[in-house]
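# A structural walkthrough
Chain by chain, the residues run as shown.
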Amino acid sequence: MKFEVRLCSVLDSGTDIIVNAANNYLSRGGGVCGAIFERAGAELLEAECRVWGYVKTGSVATTNGFQSGAKYIIHAVGPNFYIDHQDWQEKLESVYKKSLLVADDLGVNSIAFPCISTGIFGCPIEESAKIAVRVVREFQPKNLKNCVLCCFTDGEYSVYNALLYSK
């Protein structure tokens, strides 16, 4: 599977699936989540998200991509470092793995991730990046051909890019 790091929004990735850094109720938030809802069509996406109800931290839910430009949106409920301090690494690893499995099962070619849980949820960027890169490198897809890790800031890009090209 081709794997790259880009300085861009998941909305500009051109992939079949975009991953949303979601909260437990899949409700519209700020940052990347708010931008995804806005582009997809907030009312349509909110209605489909309500069907899911509460989603456990470390789990994912899938919706139509609507007008986002992607076929699907995977809503990944990553850990909040301040709440999930004891097991945040396991929960973060889980959302990356589950997102990849769902995408592969859907038979699509490409997926784009934001830096999950490193913003307002407070997970340390360096350790979060190590988890993301390791999980993607270890994944053995049947269908997926491309994975993009989208970084919103130069700092995120530097950390993820350095890890991607290290041995």
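Use the structure listed above.
Residues numbered from 1 in each chain as written. Predicted model: local features only at pLDDT ≥ 70, side-chain atom pairs only at ≥ 80, totals over all residues. Heavy atoms only, no water.

### Quick look at the side chain of S99
Take S99: it is sitting in helix α3 (residues 88-105). When near neighbours in sequence (up to four residues on either side) are disregarded, S99 contacts V19, V60, I74, A76, I111 and F113. (Helix = DSSP H or I, 4+ residues; strand = E, 2+ residues; numbered from the N terminus. Contact = heavy atoms within 4.5 Å.)

### Considering the packing of aromatic side chains
Inspection of the entire model under this criterion finds 4 aromatic pairs. When the ring of Y96 is compared with that of F113, the centres are 4.9 Å apart and the planes differ by 45°; the resulting orientation is tilted. Of this pair, Y96 sits in helix α3 while F113 sits in strand β5 (residues 110-113), and the two are 17 residues apart along the sequence. Across this residue pair, the class does not change: Y96 and F113 are buried. Aromatic ring contacts, followed pair by pair, group F81, Y82 and W88 into a single cluster. (Phe/Tyr/Trp six-rings, centres within 6.5 Å; stacked < 30°, edge-to-face > 60°. Buried < 20%, exposed > 50% of the residue type's maximum accessible area, 1.4 Å probe, protein only.)

### Thoughts on the environment of Q67
Among the structural elements, Q67 can be located in the loop between β3 (60-64) and β4 (72-76). Along the backbone, Q67 and E4 are 63 residues apart, and their C-alpha atoms lie at a distance of 25 Å. If we skip the residues at most four places from it in the chain, Q67 touches R39, A40, G41 and L44.

### Things to note about the sheet that holds β3
Taken in spatial order, the 6 strands line up as β1-β6-β5-β2-β4-β3 in an open sheet, and their pairing is mixed. Here the strands that pair on one side only, and so sit at the sheet edges, are β1 (2-7) and β3. The average undirected angle you get between the axes of adjacent strands in this sheet is 25°. Note that strand β2 (residues 17-21) and β5 share 2 bridges and pair parallel. (Pairing = 2+ DSSP bridges. Axes fitted to C-alpha atoms, helices over the stretch in contact; angles between N-to-C directions.)

### Some remarks on the pattern of salt bridges
Counted by the stated rule, this structure contains 9 salt bridges. Here E4 makes a salt bridge to R6, at a shortest N to O gap of 3.2 Å. Note that R39 is salt-bridged to D12, the shortest N-O span being 3.7 Å. In this pair, R39 is assigned in helix α1 (residues 31-40) and D12 in the loop between β1 and β2, connecting sequence segments 27 residues apart. By relative accessible area, which is 38% here, R39 ends up partly exposed. One salt-bridge network, held together by shared partners, links E93, K97, R134 and E138. (Salt bridge = Lys/Arg side-chain N within 4 Å of Asp/Glu carboxyl O.)

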